[in-house]
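# Residue-level structural notes
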Amino acid sequence: MCWPLMQENIMHGDKLAVMEFLASESVPRLTNGPQVAAFEREFADWLGVKYAVMVNSGASANLITMHALRELHGIGNVLLPCITWASDIMSVIHAGLTPIFVDIDPRTFGMDAARAIEAITPATIAVFPTHCLGFDAGITATALIEDCCEAIGATRDGRKLGTFGLASNFSFYYGHHMTTIEGGMICTDDEAMYETCRVLRSHGMTREIASRETRKAYENPLTWPDFTFEHCGFNMRSTEINAVLGRSQLKRLDANNAKRTENLELFLDNLALSGTYRTDYAAEGSSNFALPLVLHDQDDALMARVIACLEQNGVEYRRGTAGGGNQLRQPYLRRIFGDHYKNFPQAEHVHRFGLYCGNYPDLDRGMVEEVCDKLNAL
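The following refers to the structure shown. Quick caveat: nothing in here was measured; it's all calculated off a predicted structure.

Looking now at the pairing of strand β3 (residues 98–102). Sheet topology places strand β2 (residues 77–81) next to β3; 5 bridges connect them, and they run parallel. Considered in β3, the bridge of Asn77 is made with Thr98. Crossover handedness for the path β2 to helix α4 (residues 86–94) to β3: right-handed.

Okay, structure coming up:
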């Protein structure tokens, strides 16, 4: 078999869209411009929010959002799950905020809602859940920052994830639900968050503020209006080419997500026949990014056989699910927190006895059934 973790999802039509754009005599520049603005409007409309800010990666979306949070709400604690992508945690640390870790819910891989509520204190300025592998973490909070990088199009009660909090972050990396090669998006209904993210995206310059009235309020007698640096920002702008790809891919996003959901259902239905693997996930409204394979019980010998089975059948996988499992095991956090990872049993189980396989729209259903049969036989 040949079952890679990710598959190129830039189609011929996407390439044609880029070629037509580049061939146009009216293209004034290739950096952040009209195509980026158009993609921001279209993505915001698709998601159901007022504002969107395109950046050069999902990691940049995290970093800018945390810095904007600090500028608007000051220094404090941010609640995070132990299993997430490293850039979520790193963005909190880089912004000078304090990460507070919460164990996961095994049915969602996301932050356990009850534990999150218990962890909130007066010093908490944000709750930053990850909708891991496309499952809804189910978190509600006053200052909610949603990581939707693996859950583009997932819903809760018919409403898209990414619309429930102060802001939400998306990734358009290769192999995700849609791709702009590299790219990301920050979405919000809050005008102050929107304007601050725009400023931070482009060196902290106030000329990036969309509202003329707001921009005028930042005028400084010591500087020129076009070169006033209000915040210590970044250069995290995207390009027109990335935006053209995004606009092209957005048109088929919902249809592709439906196919991914069908693949997930097939995978879990077949694995459930043996009772060896966890299949009771909170899958309602999910937008699956990758197929989870987690043992019910702690069994090192069985885990070794599962891995051997996948490798012998050409199935690529990643251990520990998103970002390498329990992040508190990673060197960058162990230098700060020591062996704190031992205090999170659900994350530890997934780290040691969990993995995921690729899920994409044209995944061969017969191959899924065959691999499940072999896994069930172990």
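Next comes the rest of the write-up.
Turning next to helix α3 (residues 58–73). Its 16 residues give α3 an end-to-end C-alpha distance of 22 Å, which sits within 8% of 22 Å, the value for a rise of 1.5 Å per residue. For α3, every residue scored as buried is listed here: Gly58, Ser60, Ala61, Asn62, Leu63, Ile64, Thr65, Met66, His67, Ala68 and Leu69. Sitting at the head of α3, Ser57 places a side-chain oxygen 3.3 Å from the backbone nitrogen of Ala59. Gly74 occupies a position one or two residues after α3 and carries a positive phi of about 85°.

Another point: the packing of aromatic side chains. Counting across every chain of the model gives 12 aromatic pairs. With 5.6 Å between their ring centres and 50° between their planes, Phe39 and Phe172 make a pair best called tilted. Of the two residues, Phe39 sits in helix α2 (residues 34–47) while Phe172 sits in the loop between β8 (167–171) and β9 (184–188), which places them 133 residues apart along the sequence. Among the residues examined, Phe172 registers a relative accessible area of 0% and is labelled buried.

Next up on the list: the state of the cysteines. What is meant by a disulfide is a covalent connection between two cysteines, made through their sulfur atoms. Tallied over the entire structure, the rule returns 0 disulfides. The thiol of Cys132 is not disulfide-bonded; the next cysteine sulfur, from Cys149, is found 11 Å away. Of the cysteine sulfurs around Cys232, a residue in no disulfide, the closest is that of Cys197, at 15 Å.

Attention now moves to the packing of helix α1 (residues 12–23) against helix α8 (residues 240–250). Two numbers describe how α1 lies on α8: the axes approach to 9 Å, and their chain directions differ by 140°. Comparing their axes, α8 and α1 come out oblique. Taken as a pair, α1 and α8 cross one another with a handedness that is right-handed. Contact with α1, carried on its side by Gly13, Asp14, Ala17, Val18, Phe21 and Leu22, involves Glu240, Ile241, Val244, Leu245, Ser248 and Gln249 of α8 and no other residues of that element. When its residues are assigned to classes, the contact of α1 with α8 shows 7 nonpolar, 3 polar and 2 charged.

All right, on to the sheet that holds β2 then. With respect to topology, 3 strands assemble into an open sheet ordered β3-β2-β4, the strand pairing being parallel. The open sheet has two free edges, formed respectively by β3 and β4 (124–127), since each of these has just one partner strand. Within this sheet the neighbouring strands show an average axis-to-axis angle of 30°, counted without direction.

Packed helix pairs are specified by the crossing angle of their axes together with the interaxial distance, meaning the distance between the axes. Put simply, α2 and α8 touch, their axes get as near as 8 Å, and they point 30° apart. By the criterion of interaxial angle, the relationship of α2 to α8 is roughly parallel. Crossing of α2 against α8: the hand is left-handed. Where α2 approaches α8, its residues Pro34, Gln35, Val36, Ala38, Phe39, Glu42, Phe43 and Trp46 are matched on the opposing element by Glu240, Ala243, Val244, Gly246, Arg247 and Leu250.

With that settled, the discussion passes to the pattern of salt bridges. Here the structure, examined in full by the defined rule, presents 13 salt bridges. Close ionic contact of Arg156 with Asp136 constitutes a salt bridge, the shortest N to O distance being 2.8 Å. Taken together, the residues Arg156 in strand β6 (residues 155–156) and Asp136 in the loop between β4 and β5 (145–147) connect sequence positions 20 residues apart. Among the residues examined, Asp136 registers a relative accessible area of 13% and is labelled buried. The partner of Glu348 in a salt bridge is Arg329, and the shortest N-O contact between them spans 2.7 Å.

Moving on to the pairing of β8. In terms of residue burial, β8 counts as a mostly covered element, since 5 of its 5 residues are buried. Burial along β8 is two-sided: the residues Ala167, Asn169 and Ser171 and Ser168 and Phe170 are all buried. Where β5 lies against β8, 3 bridges are found, and the strand directions are parallel. Considered in β8, the bridge of Ile145 is made with Ala167.

Basis of the calculations
Residues numbered from 1 in each chain as written. Predicted model: local features only at pLDDT ≥ 70, side-chain atom pairs only at ≥ 80, totals over all residues. Heavy atoms only, no water. Pairing = 2+ DSSP bridges. Helix = DSSP H or I, 4+ residues; strand = E, 2+ residues; numbered from the N terminus. Right-handed = clockwise from strand over helix to strand, strands pointing away. Expected span 1.5 Å × (residues − 1). Buried < 20%, exposed > 50% of the residue type's maximum accessible area, 1.4 Å probe, protein only. Polar contact = N/O pair within 3.5 Å; in protein donor to acceptor, adjacent residues only side chain to side chain. Phe/Tyr/Trp six-rings, centres within 6.5 Å; stacked < 30°, edge-to-face > 60°. Disulfide = S-S within 2.5 Å. Axes fitted to C-alpha atoms, helices over the stretch in contact; angles between N-to-C directions. Parallel < 35°, antiparallel > 145°, perpendicular 65-115°, else oblique. Left-handed = near helix turned anticlockwise from the far one by under 90°. Contact = heavy atoms within 4.5 Å. Nonpolar A, V, L, I, M, F, W, Y, C, P; charged D, E, K, R; others polar. Salt bridge = Lys/Arg side-chain N within 4 Å of Asp/Glu carboxyl O.

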